[in-house]
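Read off the chains here:
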Amino acid sequence: MIFTDRLTKIYKDGTRALDELSITLDGKISCILGRNGAGKTTLIRILSTQLLPTSGKALIEGFDVVKDVKKVRKIIASIPQEASPMGIASPLEHVTMYLTARGFSISEALRTAKYVLKEVGLGDVMDKPTDELSGGMKRKVFVAMAIASNADVVFLDEPTTGLDPISRLEVWSAIKQMKSKIILTTHYMEEAEELCEKIAIINKGKLVEYGTVEDLLSPLRGKVRVEGKGDIRVGNLSISYVDEEEAKKLVGKGVIIKPISLEDIMIIKGLYYEEE
Ligand SMILES: Nc1ncnc2c1ncn2[C@@H]1O[C@H](COP(=O)(O)OP(=O)(O)OP(=O)(O)O)[C@@H](O)[C@H]1O
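Residues numbered from 1 in each chain as written. Predicted model: local features only at pLDDT ≥ 70, side-chain atom pairs only at ≥ 80, totals over all residues. Heavy atoms only, no water.

**Q** So, the sheet that holds strand β4 (residues 55-60): which residues are in play, and what are the values?
**A** Here we have 4 strands laid out as an open sheet, ordered β2-β1-β4-β5, and antiparallel in their pairing. The two strands at the open ends of the sheet, each matched to only one other strand, are β2 (16-25) and β5 (63-64). Inspection of the sheet shows β4 paired to β5 by 2 bridges, in the antiparallel sense. What sits directly across from Leu59, in β5, is Asp64. Against the sheet, helix α1 (residues 40-47) makes contact with β1 (2-10), β2 and β4, and its axis sits at roughly 115° relative to β1, the strand it touches most. (Pairing = 2+ DSSP bridges. Helix = DSSP H or I, 4+ residues; strand = E, 2+ residues; numbered from the N terminus. Contact = heavy atoms within 4.5 Å. Axes fitted to C-alpha atoms, helices over the stretch in contact; angles between N-to-C directions.)

This is the structure in C-alpha cells:
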C-alpha cells in the first residue's frame, strides 16, 4: 500500500509540483493519470526516494520514503522517464547486470532476463549493442528491467511513451503478468483503462479523483459523447453528453457519437477545457 499525507513539493524556482497531495494507492496496478505537468513524475520520484518532498509524508508498505530510505529501496524498483541505456551493453547484459545487483544468482538472472526480454518483444535483439536499437526498443530495455526485478512495488513512469502500438501491447501484456504491485504513470487514457485496477487523476499537484474505472465513469453512466454539438469546448471541438435514446435522434445530423471513456471524465472535471 502506498500512502501520502499532504505531500508537497515546491521546486527551487517556486513551482508547486505537488500541493498537499493525500492519496492511498491500494490497487494491484494503480495508475496516476494526468496531463503534462500535473505532477506525476514528481510524485514517482519522491515515492522512489530519488527526490525529497518539501513537506508532508509518504509511506511505501509502511516505510517512510524520507526516514526509511534503505528499507524502501530494498522493496522497490523504478524506471525513471529519462533513463537511457549504456550503448555497448546488450539488452540481455543490462537486465542480467541489474538483476545480479538486486541479489539474483547469475543463472537465475540470465534465465529471468531472457524470459522477460522475449515477453516485451526484444527476443530477437537481446544480444545486440543497445545503441543499435530504436528509441522505443531502448525504452523497453528499462521496462524489462523493472518487470524482471520482481520487487514488491514497481514504479513505471510512462512506460509506453514513444512505443508503437504493437510494442505497447507487448509491454501491457508483460505488465499484466507481473506479481509485483505496480504504480504506473501515464497520460494515455486507454492504458489506464486497460491496465489499472485503481486510477488516481491528478492535476496541478492535487488529487482530482480516485477509484476504479467504473467508479470514475459513474457520473456519465448511460450517456454517450456527442462531438460536433454542445456547450463544452475542447480546443475547436464542441462536445455534449446525452442519453443513448437522445443520441439516436442525432444520427445523420453531422455529429460523431462515441462511447464514454476516461477522457470524458477528464473533460467534465475541466482538465481538457481551453485555458482561461
Ligand atoms: N526540476 C524542476 N524544477 C522546477 N520545476 C520543475 C522541475 N521538475 C518539474 N517541474 C515542474 O513541476 C510541475 C510538475 O512536473 P512533473 O514532471 O512532475 O509533471 P508530469 O505530470 O510528470 O508531466 P509530464 O506528463 O509532462 O511528464 C511542472 O510544472 C514542471 O514544469
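**Q** Any details on the layout of surface pockets? Residues and values, ideally.
**A** To find the voids left in a structure, one rolls a probe of water-molecule size over its atoms. Of the pockets and cavities examined, the largest pocket occupies roughly 300 Å³. Considering the residues around the largest pocket, the lining is formed by 14 residues, among which Thr112, Tyr115, Val116, Ile147 and Lys179 are closest to the centre. When contributions to the lining of the largest pocket are tallied by element, the ones reaching two or more residues are α4 (106-119), α5 (135-149) and α6 (165-177). Of the residues forming the lining of the largest pocket, the biggest block, 5 residues, is contributed by α4. For the lining of the largest pocket, a count of residues per class yields 7 nonpolar, 4 polar and 3 charged. (1 Å grid on protein atoms, 1.4 Å probe; cavity = no way out; pocket = protein on both sides within 12 Å on 5 of 7 lines; lining within 4 Å. Points joined across faces, edges and corners; volume = space filled by probe spheres on them. Nonpolar A, V, L, I, M, F, W, Y, C, P; charged D, E, K, R; others polar.)

**Q** Summarise the nonpolar core; cite the residues concerned and give the values.
**A** The tendency in soluble globular proteins is for nonpolar side chains to be buried as a group. Ranked by internal contacts, the top residues of the largest apolar core, which has 58 residues, are Ile175, Ile199 and Leu262. For this core, the element with the highest residue contribution is α5, accounting for 8 residues. Those residues in contact with Ile175, other than ones at most four positions away along the chain, are Ile29, Ile147, Leu156, Pro159, Ile182, Leu184 and Leu195. Grouped together as the second largest cluster of nonpolar side chains are 24 residues, Ile23, Ile46, Phe155 and Ala200 included. (Core = buried A, V, L, I, M, F, W, Y, C linked by side-chain atoms within 4.5 Å. Buried < 20%, exposed > 50% of the residue type's maximum accessible area, 1.4 Å probe, protein only.)

**Q** How would you sum up the packing of aromatic side chains? Please name residues and give values.
**A** The description of two aromatic rings rests on the distance between their centres and on the angle between their planes. Under the counting rule described, the total for this entry stands at 0 aromatic pairs. A cation sits over an aromatic face here: Arg168 above Tyr188, 4.0 Å from the ring centre. (Phe/Tyr/Trp six-rings, centres within 6.5 Å; stacked < 30°, edge-to-face > 60°. Lys NZ or Arg CZ within 6 Å of the ring centre and 35° of its normal.)

**Q** Let's hear about the sheet that holds strand β6 (residues 76-79): which residues, and what values?
**A** Strand order in this open sheet of 6 strands is β6-β7-β8-β3-β9-β10, and the pairing throughout is mixed. The open sheet has two free edges, formed respectively by β6 and β10 (206-211), since each of these has just one partner strand. If you compare each strand with its neighbour and ignore which way they point, the axes differ by 15° on average. Taken together, the 4 bridges between β6 and strand β7 (residues 153-157) define a ladder with parallel strand orientation. In the strand pairing of β7, Ile79 is matched with Leu156.

**Q** Let's hear about the packing of helix α3 (residues 91-101) against α5: which residues, and what values?
**A** Where α3 meets α5, the axes come as close as 9 Å, and the angle between the chain directions of the two elements is 35°. Every pair of crossing elements has a handedness; the one defined by α3 and α5 is right-handed. In this structure, α3 contributes Pro91, His94, Val95, Tyr98 and Leu99 to the contact, and α5 contributes Val141, Ala144, Met145, Ala148 and Ser149. (Left-handed = near helix turned anticlockwise from the far one by under 90°.)

**Q** I'd like to hear about the site of the ligand, residue by residue, with values.
**A** Contacts to the ligand come from 15 residues, most closely from Asn36, Gly37, Lys40, Thr41 and Thr42. Backbone polar atom of Gly37 to an oxygen atom of the ligand: 2.8 Å apart, as the coordinates give it. Starting from 630 Å² of accessible surface for the ligand in isolation, the protein chains cover 65%. The leading source of residues in the shell around the ligand is α1, at 3 residues. Split into classes, the residues belonging to the shell around the ligand amount to 3 nonpolar, 8 polar and 4 charged. (Near = heavy atom within 4 Å. Polar contact = N/O pair within 3.5 Å; in protein donor to acceptor, adjacent residues only side chain to side chain. Areas by Shrake-Rupley, 256 points an atom, 1.4 Å probe, with all protein chains shown as cover.)

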